[in-house]
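# Per-entry structural report
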Amino acid sequence: QVQLVESGGGLVQPGGSLRLSCAASGTGSIFRLYTMGWYRQAPGKQRDLVAVITTGGTTNYADSVKGRFTISRDNAKNTVYLQMNSLKSEDTAVYYCNAAFPLSGGVYWGQGTQVTVSS
């Protein structure tokens, strides 16, 4: 059973930075074969894609975070990161880690971590 645990959320002032981490367990040595992503959901809104990184390291970002956020992965640690810089109030949301295993179609979610950008 794949489990994802996010950490690193919190309260930050506008213009500040945070780094989110998502540690995966239950994937064994094939974590590198998972496409990993970060999504976010603000109150009253749908869950939207923030960033994704493929098995080959290709990344893709929502337009609203391009140039400010960076997704990366450490396959040796079964962990994916989201570095968030120049944070804005509109980045406030619960951030969810997502793992997709293309070979089986399996999709997994973490429990989410709150990010609040406010002065």
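Here we summarise the structure given alongside this text. (Residues numbered from 1 in each chain as written. Predicted model: local features only at pLDDT ≥ 70, side-chain atom pairs only at ≥ 80, totals over all residues. Heavy atoms only, no water.)

## Here's the deal with the sheet that holds strand β3 (residues 18-25)
Pairing is antiparallel in the open sheet, where four strands are placed in the order β1-β3-β8-β7. The open sheet has two edge strands with one neighbour each: β1 (3-7) and β7 (69-74). Within this sheet the neighbouring strands show an average axis-to-axis angle of 15°, counted without direction. With five bridges connecting them, β1 and β3 associate as antiparallel partners. Bridging across to β3, L4 finds its partner in A24. (Pairing = 2+ DSSP bridges. Helix = DSSP H or I, 4+ residues; strand = E, 2+ residues; numbered from the N terminus. Axes fitted to C-alpha atoms, helices over the stretch in contact; angles between N-to-C directions.)

## Focus: the state of the cysteines
Evaluated as defined, the whole model comprises one disulfide. There is a disulfide in this structure between C22 and C97, and the S-S distance comes to 2.1 Å. Taking the torsion about the S-S bond as the criterion, the C22 to C97 disulfide, at about -80°, is left-handed. A residue pair is termed long-range when its members are at least 10 positions apart, and C22 in strand β3 and C97 in strand β9 (residues 93-101) qualify at 75 residues. There is no split in this pair, since C22 and C97 are both buried. (Disulfide = S-S within 2.5 Å. Buried < 20%, exposed > 50% of the residue type's maximum accessible area, 1.4 Å probe, protein only.)

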